[in-house]
Amino acid sequence: MNENVRTDRMGDYMSDRKIEKILVTGSVGQIGSELTEELRNRYGSDNVVAMGRRTKPSEELLNSGPFVWCDITDRDKLNIIVDEYEVDTIFHMAAILSAVGEKNPQLAYRVNMNGLYNILEIARERELRIFGPSSIAAFGPETPRDNTPQETVLRPRTMYGVTKVAGELLCDYYFNRFGVDVRGLRYPGIISYKTLPGGGTTDYAVAIYYEAIKHGRYTCFVGPETMLPMMYMPDCIKATIDIMEAPLENLVHHSDFNVGAMSFSARELAASIKEFIPEFECSYEPDFRQAIADSWPKSVDDSAARNEWGWVPQYDLPAMTEDMLYNLRIKLAE
Ligand code: NAD
Ligand code: SER
């Protein structure tokens, strides 16, 4: 066993339990929808229960395996679902993101904190494994912004960021105190073409591709020099599954891994699209999300993820832009 493993409670029950019956909360969302699809491919359609709240799921999601409706704050109903489907692992993707969270911080607190607490308590009672994502939003303006270290200042200024720091601490507490095998990543901004993002600060990096194809122009809500860490969805799904499949004894960290893939400014993103659509024009009208973006890192040091569970991203900006434009053109023509 790695002598750095941060626990005094590593009980028998939590060492490398198999992943067999999965619940994905937030399965209708940007990441949850593609994660559910990949988990169903890997673990079998009937073994992956997708959970939604109000948003209508795609026909593909609805018809490819079990689907349940539940509010993450309703622990009684969550208990019933977990028992009925004999769930052993939860990928907990239900959340309120940064921009929506700044407009309604009370909602962000309620969903993100109470939701995670419910999931952790259910895991504690039933000895489940949990994936609980964090974010670059855990950092704040006092954090070093270039190559942000794994261990550093965590003083976010958004309610979303506050819930992510508290969530990381809570997850580590449940690991150390109760032996719950809970793992998580500090995702950067995630870019994808299948499901639209749900109200984050990094949504411009998705919207720009849609608008480039549809209208040949985009008005970006952060300034041209705004640089943030980003990741293409295939890498996000790979990282999420890889961390959950990593041997527990290899992990020093658990719920707070930095994971990087690429970093670029809004101007560089627009330029990469212009390589494929020369007439594309991007203008900039920063709004309240600029201040949020300015409080986040430009790039992250993900050496802990590389060393502990072999993280290596596949996509850089040119490869992502080519794939995004190719797939979005097909989608928007349908
Ligand atoms: P999303 O907004 O696309 O999806 C979240 C889902 O949660 C939605 O389908 C929503 O209906 C559901 N939800 C909201 N309130 C709920 C409630 N009360 N009960 C049940 N479900 C509820 O978000 P996402 O981008 O897929 O993010 C998934 C996770 O990854 C979140 O924890 C998010 O903070 C984290 N993350 C995402 C990004 C990103 O760029 N997408 C970056 C960093 C971290
Ligand atoms: N993409 C997310 C957001 O902007 C980062 O956590 O909210």
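Residues numbered from 1 in each chain as written. Chains lettered and ligands numbered in written order. Predicted model: local features only at pLDDT ≥ 70, side-chain atom pairs only at ≥ 80, totals over all residues. Heavy atoms only, no water.

Focus on the packing of helix 1 (residues 30-43) against helix 8 (residues 233-245)
Right, so step 1: Put simply, helix 1 and helix 8 touch, their axes get as near as 10 Å, and they point 55° apart. As far as their axial angle goes, helix 8 and helix 1 are oblique. Considering the relative orientation of helix 1 and helix 8, their crossing is right-handed. Touching Q30, I31, E34, L35, E38, L39, R42 and Y43 of helix 1 are M233, C236, I237, T240, I241 and E245, all from helix 8.
Right, so step 2: For the contact of helix 1 with helix 8, the per-class residue count stands at eight nonpolar, two polar and four charged. (Axes fitted to C-alpha atoms, helices over the stretch in contact; angles between N-to-C directions. Helix = DSSP H or I, 4+ residues; strand = E, 2+ residues; numbered from the N terminus. Parallel < 35°, antiparallel > 145°, perpendicular 65-115°, else oblique. Left-handed = near helix turned anticlockwise from the far one by under 90°. Contact = heavy atoms within 4.5 Å. Nonpolar A, V, L, I, M, F, W, Y, C, P; charged D, E, K, R; others polar.)

Points about the site of ligand 1
Right, so step 1: Taken together, 27 residues lie around ligand 1, and Q30, I31, I72, Y160 and I190 are the ones closest in.
Right, so step 2: Between D71 and ligand 1, the recorded distance is 3.0 Å, taken from a side-chain N or O atom to a nitrogen atom.
Right, so step 3: Note that an oxygen atom of ligand 1 is positioned 2.8 Å from one of the backbone N or O atoms of I190.
Right, so step 4: Broken down by secondary-structure element, the contributors of at least two residues to the shell around ligand 1 are helix 1, strand 6 (134-135), helix 6 (159-178) and strand 9 (189-191).
Right, so step 5: A class-by-class count of the residues in the shell around ligand 1 yields 15 nonpolar, nine polar and three charged. (Near = heavy atom within 4 Å. Polar contact = N/O pair within 3.5 Å; in protein donor to acceptor, adjacent residues only side chain to side chain.)

Observations concerning the side chain of S134
Right, so step 1: Here S134 is to be found in strand 6.
Right, so step 2: When near neighbours in sequence (up to four residues on either side) are disregarded, S134 contacts K164, E168, L185, R186, Y187 and S255.

With respect to the environment of K298
Right, so step 1: As for its placement among the helices and strands, K298 is situated in the loop between helix 10 (289-294) and helix 11 (303-309).
Right, so step 2: Between the C-alpha atoms of K298 and I136, which are 162 residues apart in sequence, the distance is 9.6 Å.
Right, so step 3: Sequence-distant contacts of K298, defined by excluding residues within four places in its chain, comprise R145, D146, M227, L228, P229 and S263.

Things to note about the pattern of salt bridges
Right, so step 1: The full count for this structure, using the stated rule, is 18 salt bridges.
Right, so step 2: Two residues, R42 and E38, come together in a salt bridge whose shortest N-O distance is 3.0 Å. Of the two residues, R42 and E38 are both situated in helix 1; the distance of four residues between them amounts to about one turn of the helix.
Right, so step 3: Overall, the relative accessible area of 26% leaves E38 in the partly exposed class.
Right, so step 4: Between K274 and E281 there is a salt bridge, with its nearest N and O atoms 3.5 Å apart.
Right, so step 5: For K274, a relative accessible area of 35% gives the class partly exposed.
Right, so step 6: Connected through salt bridges with shared partners, the residues D83, E121, R124, E125 and R126 form a single ionic network. (Salt bridge = Lys/Arg side-chain N within 4 Å of Asp/Glu carboxyl O. Buried < 20%, exposed > 50% of the residue type's maximum accessible area, 1.4 Å probe, protein only.)

Some words on the packing of helix 5 (residues 105-126) against helix 6
Right, so step 1: Interhelical geometry of helix 5 versus helix 6 gives an angle of 10° and a closest axis separation of 10 Å. Relative to helix 6, the element helix 5 lies roughly parallel. As helix 5 runs across helix 6, the sense of the crossing is right-handed. Contact with helix 5, carried on its side by P105, A108, Y109, N112, M113, L116, Y117, L120, E121 and R124, involves M159, Y160, T163, A166, G167, L170, C171, Y174 and F178 of helix 6 and no other residues of that element.
Right, so step 2: Looking at the contact of helix 5 with helix 6, its residues break down into 14 nonpolar, three polar and two charged.

A closer look at the sheet that holds strand 13 (residues 262-265)
Right, so step 1: Read from one edge of the open sheet, three strands run 9-11-13, paired in mixed fashion. The open sheet has two edge strands with one neighbour each: strand 9 and strand 13. Neighbour to neighbour, the strand axes of the sheet diverge by 45° on average, direction disregarded.
Right, so step 2: Sheet topology places strand 11 (residues 227-232) next to strand 13; four bridges connect them, and they run antiparallel. Bridging from a neighbouring strand, M227 pairs with S265 of strand 13.
Right, so step 3: Strands strand 9 and strand 11 of the sheet are contacted by helix 7 (residues 204-215), whose axis makes an angle of about 25° with strand 9.
Right, so step 4: Relative to strand 13, helix 12 (residues 317-333) is tilted by about 80°, and along the sheet it contacts strand 9, strand 11 and strand 13. (Pairing = 2+ DSSP bridges.)

Observations regarding the site of ligand 2
Right, so step 1: Close to ligand 2 lie L97, S98, S135, Y160, G200, T201, T202 and W296, which account for all nearby residues.
Right, so step 2: One of the side-chain nitrogen or oxygen atoms of T202 is found 2.6 Å away from a nitrogen atom of ligand 2.
Right, so step 3: Protein chains bury 93% of the 230 Å² of accessible surface belonging to ligand 2 in isolation.
Right, so step 4: Looking at the shell around ligand 2 residue by residue, the class counts come to three nonpolar, five polar and no charged. (Areas by Shrake-Rupley, 256 points an atom, 1.4 Å probe, with all protein chains shown as cover.)

Everything listed here is a matter of coordinates, which is why it stays silent on function.
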